[in-house]
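Observations on the model geometry
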Amino acid sequence: MGQDQSNASYRLKSILDSDLYKFTMQQAVRQHFPDAEAVYRFTHRDKGVFFSRRCIDAFQTSLALFEHVFLTNDEKVWLASECPYFTNNYLDFLEQYRFKTEQVSVKFVPVSEDGQWGNVEIEARGLWVETILWEVPMMACLSELHFRIDRTDWSYNGQGEMAQRKAEALLQADCSFSEFGTRRRRSYHTQDLVISSILKAAAKFPGVGKVTGTSNMFFAKKYNITPVGTIAHEWFMGVAALTGYDDANVRALRLWEETYHDTLLVALTDTFSTQVFFKEFSQDRERVVKWQGLRHDSGDPLAFAPAAMAMYESVGVDYRKKSIIYSDAVTLEKALALKKQCTEIGFPCSFGIGTFLTNDFHTKSSKYEDKSKALNMVIKLYSIDGQPCIKISDDLEKNTGDPETVSFVKKKYGLPV
């Protein structure tokens, strides 16, 4: 099957064609910050890659169709059954939810002489509890249209087989992993193909390693597998912007506990750097015991498990009863190295694998030798109630948000500016 090269609009198949953590965060935002106003902004990190005017026109047409998508009764029943941490009150709210296209602005900024190629500026603005659901399906839409219209030198040939080989290698190495590839997938069809291929691998190697599920709610329902997810940076970013940076990590965790109690307790560590997170987190041994594990999403992955082990040991908690989820640009090679390290020190680990599975393509013109690179893009929380939202991470080049606020927070936390 080859890709559709027309510029026909993209149709969002379901409100559930998104990641679990957007819905879990929406429920938490609804409980704690129902009136907060948010702004999200798009960043495209590949400065030499441009979009065609035709692509962005199709993108705008597609976004206008999102307002016709809603939670069906069948989907609501499935959520109530498979995700017991969602309250009936929240599911009633989600059933009534509709995308408001007036919340999103899209501007094409031409750079070519003929005005047909350029950059795109995207902003979503409105109540946090509403705008929170735009990010994932909007990014998936833009990626699919870009590779359908602008960069068509690729095909689906061998994609299923390649995904199955990757999954088999992970399983044979006794790796537990889930599919995390919605936002930057090449297309809906790619993700569908990848998940079905992963499940073929799991059936071929029962009892070895584990496919723990997918972050995509729609495909979790379609394939009867577990929807998985943790917390995104935006929860910590938003809580800090609204309530201050003193002990911001701990406050974000406490508010999350008030919503989810004893479930979904895997902490993302790097919003304001893992160093700062561990310092704050380890002040309360009871909380360290309560939270089930940690997610690594930036910085040197091989340095993370030893640092986490030291943090747990410093408060007398057995790290062997905790877990790490690695989710930062995980490849087969990286997963195997991390699995080896964690096995040697006795630290349970698993992997959330995204682009390596759902957007790993090569160009037809090179006879499939050269990479057809995925879009390197993000949509991040820019501000809450007029306060800038920032992310420092464990990679200096990944700092996100207002430079003055980034500098202020780094100084406050004693980080190098």
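The numbering scheme is per chain: residues are counted from 1 as the chain's sequence reads. Where totals are concerned, whole chains, interfaces and linings use all residues; where local detail is concerned, this predicted model gives features only for residues with pLDDT of at least 70, and gives and counts side-chain atom pairs only at 80 or more. The basis for the side-chain values is all heavy atoms of the structure; hydrogens and waters are excluded.

1. Considering the overall build of the protein chain
Put simply, DSSP marks the helices as runs of H or I at least four residues long and the strands as runs of E at least two long, and each gets a number from the N terminus on. Looking only at helices and strands, one finds 17 helices and 14 strands in the protein chain. A compact globule built from 417 residues would reach a C-alpha radius of gyration of about 22 Å, and the protein chain, at 21 Å, matches this within 12%. When its C-alpha atoms are laid out on the principal axes, the protein chain stretches across 60 × 50 × 45 Å. Per-residue burial over the protein chain gives 58% buried out of 417 residues. Here, two residues are considered to be in contact whenever any of their heavy atoms come within 4.5 Å of each other. Once local pairs closer than 6 in sequence are excluded, the contacts in the protein chain between residues at least 24 apart make up 78%. Here the Shrake-Rupley method, with its probe set to 1.4 Å, supplies the accessible areas, and only the displayed protein chains count as covering residues. Carbon and sulfur atoms form 50% of the exposed surface of the protein chain, whose accessible area is close to 17,300 Å². The globule rule used for comparison is 2.2 Å times the number of residues to the exponent 0.38, while the radius of gyration itself is calculated over C-alpha atoms. When a residue's accessible area, from a 1.4 Å probe over protein chains only, is under 20% of the maximum for its type it is buried; when over 50% it is exposed; and in between it is partly exposed.

2. Topic: the packing of aromatic side chains
Between 30 and 60 degrees the pair is tilted, below 30 it is stacked and above 60 it is edge-to-face, where a pair is any two Phe, Tyr or Trp rings, Trp via its six-membered ring, whose centres lie within 6.5 Å. Overall, the coordinates contain 30 aromatic pairs when judged by the stated rule. When the ring centre of Trp154 is taken as origin, the NZ or CZ atom of Arg186, which lies over that ring, is 5.1 Å away. Either the NZ atom of lysine or the CZ atom of arginine qualifies as a charge over a ring when it sits within 6 Å of the ring centre and within 35 degrees of the ring normal.

3. What about a nonpolar patch on the surface?
A contiguous nonpolar patch, built from Phe50, Val111 and Trp117 and spanning about 250 Å² of accessible area, is present on the exposed surface. Inspection of the secondary structure assignment puts Phe50 in the loop between strand E1 (37-44) and strand E2 (51-52). By relative accessible area, Phe50 is classed as partly exposed at 30%. The patch calculation keeps residues exceeding 30% relative accessible area without a salt bridge and links them within 9 Å when they carry like charges or within 5 Å when they are nonpolar (Val, Leu, Ile, Met, Phe, Trp, Tyr). Every case where a carboxyl oxygen of Asp or Glu lies within 4 Å of a side-chain nitrogen of Lys or Arg is listed as a salt bridge.

4. Here we look at helix H15 (residues 332-345)
Here a helix's expected span is defined as the number of its residues, less one, multiplied by 1.5 Å. Here H15 contains 14 residues, and its C-alpha end-to-end distance of 20 Å stays within 8% of the 20 Å for a straight helix at 1.5 Å per residue. Those residues of H15 that fall on the buried side of the exposure criterion are Ala335, Leu338, Lys339, Gln341 and Cys342. Taken down its axis, H15 places every buried residue within 165° of arc, on the same side. With respect to the buried face of H15, the exposed residues turned more than 90 degrees away are Glu333, Lys340 and Glu344. Regarding the arc, it is the one traced by the directions from the helix axis to the C-beta atoms.

5. Some thoughts on the nonpolar core
Throughout, nonpolar core names a set of buried Ala, Val, Leu, Ile, Met, Phe, Trp, Tyr and Cys residues whose side chains join them through atoms within 4.5 Å. Residues Phe86, Trp128 and Trp235 are the most contacted members of the largest nonpolar core, which totals 133 residues. At eight residues, the largest contribution of residues to this core is made by helix H6 (residues 135-150).

6. A closer look at the sheet that holds strand E9 (residues 323-326)
Strands sit in the order E6-E5-E10-E9-E8-E7 across an open sheet of six strands; the sheet is parallel. The sheet is open, and its two borders are formed by strand E6 (210-214) and strand E7 (266-268), each paired with just one other strand. For this sheet the average axis-to-axis angle between neighbouring strands, irrespective of direction, equals 25°. Strand pairing requires that DSSP identify at least two bridges connecting the strands. To obtain an axis, a line is fitted to C-alpha atoms, over the contacting stretch when the element is a helix, and the angle between two such axes runs from 0 to 180 degrees between their N-to-C directions.

7. Brief notes about the pairing of strand E3 (residues 104-110)
Bridge count for E3 against strand E4 (residues 117-127) is seven bridges, and the pairing is antiparallel. Looking at E4, one finds that Phe108 is bridged to Val120. Connecting E3 to the antiparallel partner E4 that follows it, the hairpin turn spans six residues, and Gly115 within it adopts a positive phi of roughly 75°.

8. Details of the environment of Ser365
Looking at the secondary structure, you find Ser365 in the loop between strand E11 (361-362) and strand E12 (371-372). For the pair Ser365 and Asp153, spaced 212 residues apart in sequence, the C-alpha to C-alpha distance is 6.6 Å. Of the polar contacts made by the side chain of Ser365, one reaches the side chain of Asp153; its length is 2.5 Å. Counted as a polar contact is a pair of N or O atoms within 3.5 Å, where, for protein atoms, one must be capable of donating a hydrogen and the other of accepting one, and residues adjacent in sequence contribute only when both atoms are in side chains.

9. Some remarks on the confidence of the model for the protein chain
Counting all residues, the mean pLDDT for the protein chain is 96, and 98% of those residues have values of 70 or more. Across residues 1-5, where pLDDT falls below 50, the model places 11 contacts with residues more than four positions away in sequence or in other chains. Within a predicted model, pLDDT stands for the predictor's per-residue confidence, ranging from 0 to 100.

10. Quick notes on the packing of helix H11 (residues 248-260) against helix H12 (residues 274-281)
At a closest axis distance of 8 Å, the pairing of H11 and H12 adopts a crossing angle of 65°. In the crossing of H11 with H12, the sense of the turn from one axis to the other is right-handed. Within the contact between the two elements, H11 uses Ala248, Asn249, Val250 and Leu253 and H12 uses Val276, Phe277, Glu280 and Phe281. Residue polarity follows a fixed list, in which Ala, Val, Leu, Ile, Met, Phe, Trp, Tyr, Cys and Pro are nonpolar, Asp, Glu, Lys and Arg are charged, and the others, Gly among them, are polar. For the contact of H11 with H12, the residue count by class is six nonpolar, one polar and one charged. Here a crossing is taken to be left-handed if its near helix is turned anticlockwise relative to the far helix by less than a right angle, and right-handed if that turn runs clockwise.

11. Quick notes on unusual backbone geometry
For Asn224, which is not glycine, the phi torsion reads 55° and is therefore positive. Secondary-structure assignment places Asn224 in the loop between helix H9 (217-223) and helix H10 (233-243). One non-glycine residue, Lys367, lies in positive phi territory at about 60°. Its place among the elements puts Lys367 in the loop between E11 and E12. Here Lys367 falls in the exposed class, since its relative accessible area comes to 72%.

12. Comments concerning the side chain of Ser18
Structurally, Ser18 is set in the segment before helix H1 (20-32). For Ser18, a relative accessible area of 2% translates into the label buried.

13. Remarks on the packing of helix H3 (residues 73-82) against helix H4 (residues 88-96)
As a packed pair, H3 and H4 sit with axes 11 Å apart at the nearest point and diverge in direction by 155°. Comparing the axis directions of H3 and H4 gives the class roughly antiparallel. Of the two possible hands of crossing, H3 and H4 adopt the one that is right-handed. Of the residues in H4, those touching H3 at Lys76, Leu79 and Ala80 are Leu91, Asp92, Leu94 and Glu95. Partitioning the contact of H3 with H4 into residue classes produces four nonpolar, no polar and three charged. In this scheme, roughly parallel covers angles under 35 degrees and roughly antiparallel covers those over 145, while 65 to 115 is roughly perpendicular and the rest are oblique.

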